[in-house]
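Geometric and topological summary
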Amino acid sequence: MVDAFSNEKILIVEDNIESLQFLTDTLEGVQLSVHIATSGERALEMLENFVPDLILMDAIMPGMGGFEATRQLKRRSSLSTVPVIFMTGLLESEYVVDALESGGVDYVRKPVVIDELLARIKVHLLNARQSQSSRGALDAIGRYMMAIDSNGKILWTTPEAEKLILELDKSWTLQETYAPEVLRKIVVQKGLAPGNSRQIETQTGIIEVLTVSLGTTDEIILRLKEVREGAEAERLSQQFNLTQREAEVLLWVSFGKPNRVISEILGISPRTINKHLEHVFEKMGVETRAAATACAVRALDG
């Protein structure tokens, strides 16, 4: 636990001071970073400006209980993938169902058995980390993805996709439960079939929305792509660690233009084009113009 998950942020929501102290001492003892809230209301306030790696939630508390607090926090897109483990002394199956239906991933019964709790925390931190890494990898290859349900509720987004969603509606925030209305209209209300795309004008350019697939569990997977002047060269620059000029040369090469034409377009000599291409090939790890073109096309198609 210490080596693999040192300093992971855990929010404990518990109204019993003795239990809170016991859990805090235990988790800090294995090098986890512990934050505490003594009520569901206080937890939601903290989560306005703080995203933990995992939440330990007491099921029954005065005021807002753990089930309702979890339902509310799961409506925020920034918290939708944060695992919640319930702690409960309730044994009836209906409470277990409530825990899972409200958005919890697991539960432990009180009095808490520490070895069991730590094992469950480790499993769910690992699952969350792998899920986040997968979405980050989609961003890294230029695939800005998100998923919504048939009502337009956001199920998940990759980190970079969130930036493009914000461009669609400047008044939208990451705390929102549902996608911006402009997105819901074309995907949900009008129905955007898999493989089809629509372009939405924003203040800074155009964002293309493509329906990738319709999941079997009410999940509509979308791919977002920024369409603006210079965006393609910028993507190549980020993807292959190129200078702006090198990315521009590669872009025109991917369009099938010979050096003479690229020279005229960019206003630089053919000899300089060759020098840029030498750097491009080296940075991309390729040896031929055709290989560079293939890599560029794949990156731009993402």
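Residues numbered from 1 in each chain as written. Predicted model: local features only at pLDDT ≥ 70, side-chain atom pairs only at ≥ 80, totals over all residues. Heavy atoms only, no water.

Moving on, we get to the pairing of strand β10 (residues 220-227). Most of β10 is tucked away, with six of its eight residues classed as buried. Of the pairings in the sheet, the one linking strand β6 (residues 144-148) to β10 comprises five bridges and is antiparallel in character. Across the sheet, I148 pairs through a bridge with I220, a residue of β10. (Buried < 20%, exposed > 50% of the residue type's maximum accessible area, 1.4 Å probe, protein only. Helix = DSSP H or I, 4+ residues; strand = E, 2+ residues; numbered from the N terminus. Pairing = 2+ DSSP bridges.)

Turning our attention to the packing of aromatic side chains. The tally for this structure, following the rule as stated, stands at two aromatic pairs. Ring centres of F67 and F86 lie 5.1 Å apart, and the angle between their planes is 65 degrees; on these two criteria the pair is classed as edge-to-face. With F67 in helix α4 (residues 66-73) and F86 in strand β4 (residues 84-88), this pair connects stretches of sequence that are 19 residues apart. Comparing F67 with F86 shows no difference in burial state: the two are buried. On the numbers, 5.4 Å between centres and 85 degrees between planes, the contact of W252 with F255 is edge-to-face. Residue W252 is classed as partly exposed on the basis of its relative accessible area of 23%. A cation over an aromatic ring shows up here: R235 above the ring of Y144, its NZ or CZ 5.8 Å from the ring centre. (Phe/Tyr/Trp six-rings, centres within 6.5 Å; stacked < 30°, edge-to-face > 60°. Lys NZ or Arg CZ within 6 Å of the ring centre and 35° of its normal.)

Read from one edge to the other, the open sheet built from five strands follows the order β2-β1-β3-β4-β5, with strand pairing classed as parallel. The sheet is open, and its two borders are formed by β2 (33-37) and β5 (106-109), each paired with just one other strand. Pairs of neighbouring strands in the sheet enclose a mean axial angle of 20 degrees, with direction left out of account. Judged from the four bridges that link them, strand β3 (residues 54-58) and β4 form a sheet pairing that is parallel. Within β4, the residue paired with I55 across the bridge is V84. Sitting on the sheet, α4 touches β3 and β4, and the angle it makes with β3 is about 150 degrees. (Axes fitted to C-alpha atoms, helices over the stretch in contact; angles between N-to-C directions. Contact = heavy atoms within 4.5 Å.)

With that settled, consider the UniProt feature "modified residue: 4-aspartylphosphate" (unreviewed entry) in the chain. UniProt marks D58 with the feature "modified residue: 4-aspartylphosphate" (unreviewed entry), using the numbering shown here. Note that D58 resides in strand β3. Residue D58 is classed as buried on the basis of its relative accessible area of 5%. Setting aside chain neighbours within four positions, we find D58 in contact with V13, E14, D15, G66, M87 and K110. (UniProt positions renumbered as here; feature names shortened; annotations may be inferred.)

With that settled, the discussion passes to the nonpolar core. Formed by 23 residues in total, the largest nonpolar core has its most connected members in L236, F240, L250, I273 and M284. Taken together, the elements giving at least two residues each to this core come down to α9 (231-240), α10 (244-254), α11 (259-266), α12 (270-284) and α13 (289-301). Here L250 is in contact with L236, F240, L242, V280, M284, A292 and A296, once residues within four sequence places are set aside. Residues L11, M46, I55 and M57 belong to the second largest nonpolar core, which totals 21 residues. (Core = buried A, V, L, I, M, F, W, Y, C linked by side-chain atoms within 4.5 Å.)

What follows covers the packing of α10 against α12. As a packed pair, α10 and α12 sit with axes 9 Å apart at the nearest point and diverge in direction by 90 degrees. On the basis of the axis angle, α10 is roughly perpendicular to α12. From α10, R245, E246, V249, L250 and V253 reach across to α12, where they touch I273, H276, L277, H279, V280, K283 and M284. Taken together, the residues of the contact of α10 with α12 sort by class into seven nonpolar, two polar and three charged. (Parallel < 35°, antiparallel > 145°, perpendicular 65-115°, else oblique. Nonpolar A, V, L, I, M, F, W, Y, C, P; charged D, E, K, R; others polar.)

Bringing the pairing of β3 into the picture now. Counting buried positions along β3 gives five out of five residues, so the element sits mostly inside the fold. Of the two faces of β3, the one carrying L54, L56 and D58 and the one carrying I55 and M57 are both buried. Where strand β1 (residues 9-13) and β3 come together, four bridges link them in parallel fashion. Bridge pairing links I10 to L54 in β3. At this point the chain moves from β3, through α4, to the parallel β4, and the crossover so formed is right-handed. (Right-handed = clockwise from strand over helix to strand, strands pointing away.)

So, about α4. Structurally, the α-helix is built with 3.6 residues per turn, so residues lying three or four positions apart point the same way. Taken together, the buried positions of α4 are G66, F67, A69, T70 and L73. One face of α4 carries all of its buried residues, which in axial projection span an arc of 165 degrees. (Arc of directions from axis to C-beta.)

What follows covers unusual backbone geometry. P111 follows K110 through a cis peptide bond whose omega is -5 degrees. Its identity as a non-glycine residue notwithstanding, N241 has a phi of 60 degrees, on the positive side. For N241, the position within the fold is in the loop between α9 and α10. The exposed category is assigned to N241, whose relative accessible area is 61%.

Its place among the elements puts R109 in strand β5. Its relative accessible area of 34% is what places R109 among the partly exposed residues.

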